[in-house]
Amino acid sequence: MLCDHLLAVKTVKQPQSHECAECIRTGGQWLHLRTCQTCGEALCCDSSPNQHMRKHSAIEGHQVAASAEQGERWLWCFKHEIGAQY
């Protein structure tokens, strides 16, 4: 069953860039990128050392991210820890 946050996404936002905005600011490295579905910012995934997307979700309250990786088509809700394909 999907949560209301995932159901609210009607159009999946594409990343504003193809690099993690926070890693660029801090000189960090990322493994994979995620796109915030509220603001469109591209940030690194939970497999990356700094987990910027998860931190962004917690600080900003932006619950849904999409994969920004080529060939991946999924959404993830940080509040409910649930995902869905799109």
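Data block above holds the structure.
Residues numbered from 1 in each chain as written. Predicted model: local features only at pLDDT ≥ 70, side-chain atom pairs only at ≥ 80, totals over all residues. Heavy atoms only, no water.

S.K.: Which residues make up the sheet that holds strand S5 (residues 82-85), and what values do they have?
M.R.: One open sheet holds the five strands; their spatial order is S2-S1-S3-S4-S5, and the pairing between them is antiparallel. In this open sheet, the two strands that pair with only one neighbour each are strand S2 (42-44) and S5. Within the sheet, the average angular offset between the axes of one strand and its neighbour, ignoring direction, is 35 degrees. Those strands touched by helix H3 (residues 52-60) are strand S1 (33-36), S2, strand S3 (64-67) and strand S4 (74-77), and its axis lies near 115 degrees from that of S2. (Pairing = 2+ DSSP bridges. Helix = DSSP H or I, 4+ residues; strand = E, 2+ residues; numbered from the N terminus. Axes fitted to C-alpha atoms, helices over the stretch in contact; angles between N-to-C directions. Contact = heavy atoms within 4.5 Å.)

S.K.: How would you explain the pairing of S5 if you had to name every residue and give the values?
M.R.: In this structure, S4 lies alongside S5, joined through four bridges in antiparallel fashion. Residue pairing in the sheet places Cys77 in a bridge with Ile82 of S5. Count of turn residues in the S4/S5 antiparallel hairpin: four residues, of which Glu81 carries a positive phi of about 50 degrees.

S.K.: With reference to specific residues and values, describe the pattern of salt bridges.
M.R.: Applying the stated rule across the entire model yields five salt bridges. Put simply, Glu22 and Arg25 hold a salt bridge, and the shortest N to O gap is 2.6 Å. A residue pair is termed a helical-turn pair when its members lie 3 or 4 positions apart in one helix, as Glu22 and Arg25 do in helix H2 (residues 21-26) at three residues. Across the pair Arg54 and Glu81 runs a salt bridge, and its minimum N-O distance is 2.9 Å. Residue Arg54 is found in helix H3, and its partner Glu81 is found in the loop between S4 and S5; the two are separated by 27 residues along the sequence. (Salt bridge = Lys/Arg side-chain N within 4 Å of Asp/Glu carboxyl O.)

S.K.: Quick one: what's the story with the side chain of Ser67, residue by residue and with numbers?
M.R.: Relative to the elements of secondary structure, Ser67 occurs in strand S3. Only 3.1 Å separates the side chain of Ser67 from the backbone nitrogen of Glu69, close enough to count as a polar contact. Within polar-contact distance, the side chain of Ser67 engages the side chain of Glu72 at 2.4 Å. Not counting chain neighbours up to four residues away, the residues in contact with Ser67 comprise Leu33, Arg34, Glu72 and Trp74. (Polar contact = N/O pair within 3.5 Å; in protein donor to acceptor, adjacent residues only side chain to side chain.)

S.K.: An account of the side chain of Ser48 is needed here, citing residue identities and associated values.
M.R.: Within the secondary structure, Ser48 sits in the loop between S2 and H3. There is a polar contact of 2.8 Å between the side chain of Ser48 and the backbone nitrogen of Leu31. Dropping the residues within four chain positions of it, Ser48 is found in contact with Gln29, Trp30, Leu31 and His32.

S.K.: Outline the environment of Glu69, supporting the account with residue identities and numerical values.
M.R.: For Glu69, the location among the structural elements is in the loop between S3 and S4. As a C-alpha pair, Glu69 and Thr35 span 34 residues in sequence and 9.5 Å in three-dimensional space. Leaving out residues up to four positions away in the same chain, Glu69 has contacts with Leu31, His32, Leu33 and Arg34. A polar side-chain atom of Glu69 sits 2.7 Å from the main-chain amide nitrogen of Leu33.

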